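# Topology and contacts: notes
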Amino acid sequence: MSVQHAEAAGDGPLIPRPERTPAALRAACAVVAPQLLAAYDQAKDQALAEAVEHGSIKPVHAYLLHWAALIEIERHPETAKAFHRAEYLAHVATEPDEARKHLTTTSGIYRDAAKAVHDA
């Protein structure tokens, strides 16, 4: 299931797509996935620390792109539900092929979300 497919199926966004800034993404996260706020803050702190350590803003860009994609998923309830279900099923799978199938689903949803925010 792609983000585009989910929208066509009536899975409209809960909120407008946020700007790709730390403050805007955090505010969006607080609305669509408040359970992820601690992970968001930790990822931001880690990206900033890596940027300082390496003298590069690449870790900050990577963190912003990653969280923009995650928020894109969470903006669409049915897409988020499919993503989290596939994550869970991959985690509890007892056979490698079964886990691979569910991981393929999660990676497809994530890839579509990343493309949507990149193209925006």
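Each remark here, short or long, concerns the structure printed above.
I will try to describe carefully the structure that is included in this document. (Residues numbered from 1 in each chain as written. Predicted model: local features only at pLDDT ≥ 70, side-chain atom pairs only at ≥ 80, totals over all residues. Heavy atoms only, no water.)

### Overview of the overall build of the chain
How we decide: Only DSSP runs of H or I with at least four residues qualify as helices, and only runs of E with at least two residues qualify as strands; both kinds are numbered from the N terminus onward. With the radius of gyration taken over C-alpha atoms, the globule rule is written as 2.2 Å times the number of residues to the power 0.38. Accessible area is worked out with a 1.4 Å probe on protein chains only. A residue is then buried under 20% of its type maximum, exposed over 50%, and partly exposed in between. Accessibility throughout is a Shrake-Rupley quantity obtained with a 1.4 Å probe, and a residue counts as covered only by protein chains that appear here. Positive charges come from Lys and Arg, negative ones from Asp and Glu, while His and the chain ends are left out of the count. Taken as the charge location is NZ of Lys, CZ of Arg, CG of Asp or CD of Glu.
Secondary structure assignment for the chain yields six helices and zero strands. Along the chain direction, N to C, the helices and strands of the chain fall in the order α-α-α-α-α-α. Against the 2.2 N^0.38 benchmark of 14 Å for 120 residues, the chain shows a C-alpha radius of gyration of 15 Å, consistent with a compact globule. Referenced to the eigenvectors of the C-alpha coordinate spread, the extents of the chain come out at roughly 40 × 35 × 25 Å. In the chain, which comprises 120 residues, the share counted as buried stands at 36%. Taken as a whole, the chain presents about 7100 Å² of accessible surface, with 59% of it coming from carbon and sulfur. When the 12 basic and 16 acidic side-chain charges of the chain are each reduced to a single mean position, those positions are 3 Å apart.

### A word on helix α5 (residues 77–92)
Rules: Expected helix span is given by 1.5 Å per residue-to-residue step, counting one fewer step than there are residues.
Over its 16 residues, α5 extends 22 Å from the first C-alpha to the last, a length consistent with the 22 Å expected when each residue adds 1.5 Å. Taken together, the buried positions of α5 are occupied by Thr 79, Ala 80, Phe 83, Ala 86, Leu 89 and Ala 90.

### Examining the packing of aromatic side chains
The test is simple: Pairing of aromatic rings covers Phe, Tyr and Trp, the last counted by its six-membered ring, and requires centre-to-centre distances within 6.5 Å; plane angles under 30 degrees mean stacked, over 60 mean edge-to-face, and any other angle means tilted.
A full pass over the atoms with the stated rule returns two aromatic pairs. Consider the rings of Tyr 40 and Tyr 63, whose centres lie 5.7 Å apart with planes at 55°: the pair is tilted. Here Tyr 40, found in helix α3 (residues 37–54), pairs with Tyr 63, found in helix α4 (residues 58–75); they are 23 residues apart in sequence, far enough to count as distant. Of the residues examined, Tyr 63 reaches a relative accessible area of 6% and is grouped as buried. When the centroid spacing of 5.2 Å and the interplanar angle of 85° are considered together, the rings of Tyr 40 and Trp 67 count as edge-to-face.

### Quick notes on helix α6 (residues 96–119)
Quick reminder: α-helices carry 3.6 residues per turn. Residues three or four places apart thus point the same way. Taking 1.5 Å of rise per residue, the 24 residues of α6 would be expected to cover 34 Å, and the 34 Å separating its terminal C-alpha atoms lies within 8% of that figure. When α6 is considered as a whole, its buried residues turn out to be Ala 99, His 102, Thr 106, Gly 108, Ile 109, Ala 113, Ala 116 and Val 117.

### Details of the nonpolar core
The condition is simple: Here, nonpolar core means buried Ala, Val, Leu, Ile, Met, Phe, Trp, Tyr and Cys residues that are tied together by side-chain atoms lying within 4.5 Å of each other. Any two residues having at least one pair of non-hydrogen atoms within 4.5 Å are treated as being in contact.
Core analysis: the biggest nonpolar cluster contains 18 residues, and Leu 25, Cys 29, Tyr 40, Tyr 63, Trp 67 and Ile 71 have the highest contact counts within it. The set of elements that each furnish at least two residues to this core consists of α2 (22–32), α3 and α4. In terms of residue count, α4 provides more of this core than any other element does, seven residues in total. With sequence-adjacent residues up to four places away left out, Leu 25 is seen in contact with Pro 18, Glu 19, Arg 20, Tyr 40, Leu 64, Trp 67, Ala 68 and Ile 71. In this structure, Ile 73, Ala 80, Ile 109 and Ala 113 belong to the second largest nonpolar core, which totals six residues.

Shape is all these values report; function is a separate question.
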